[in-house]
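# Coordinates in review
Spelled out from the first residue to the last, the chains are:
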Amino acid sequence: MATDLYFSGDFQKAAFGHKGLRILGSGESSVGGEKFLAIQVVADAQVDFTSSAGVGDTTVTNLVLEAGFIFYGDLTSITVDSGKIIAYLQ
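Values in this document were obtained by computation on a predicted structure and should not be read as measured data. (Residues numbered from 1 in each chain as written. Predicted model: local features only at pLDDT ≥ 70, side-chain atom pairs only at ≥ 80, totals over all residues. Heavy atoms only, no water.)

### Looking at the side chain of Thr 76
Its place among the elements puts Thr 76 in strand β4 (residues 70-89). Since its relative accessible area comes to 16%, Thr 76 is described here as buried. Within the structure, the side chain of Thr 76 is placed 2.5 Å from the side chain of Thr 50, a separation counted as a polar contact. With residues up to four places along the chain from it excluded, the contact list for Thr 76 reads Glu 34, Lys 35, Phe 49, Thr 50 and Ser 52. (Helix = DSSP H or I, 4+ residues; strand = E, 2+ residues; numbered from the N terminus. Buried < 20%, exposed > 50% of the residue type's maximum accessible area, 1.4 Å probe, protein only. Polar contact = N/O pair within 3.5 Å; in protein donor to acceptor, adjacent residues only side chain to side chain. Contact = heavy atoms within 4.5 Å.)

What follows is the structure, given as structure tokens:
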């Protein structure tokens, strides 16, 4: 289960995949209950996700991301409409 990242060492481990990752392709979704801290785009992608952040946009749909882009946030419920991503677990 997800843990909060209170220490920089915890964040760095998670950012380098030590907490695990999910590789998601077109039409795939993340496993329920998992939380992610970053999405790395492997092939141009269009994604939908929700954010656990207390402010800002908490539901994002049809976001287009180019290959090589890394998106950071407190993310849950990721769906890849097209393309391929690596989602890093918190």
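### Looking at the environment of Glu 28
Its place among the elements puts Glu 28 in the loop between β1 (21-25) and β2 (35-51). You can call Glu 28 partly exposed: its relative accessible area is 38%. Sequence separation of Glu 28 and Lys 84 is 56 residues, and the distance between their C-alpha atoms is 9.3 Å. Beyond its immediate sequence surroundings of up to four residues, Glu 28 is in contact with Ile 23, Ile 78, Thr 79 and Val 80.

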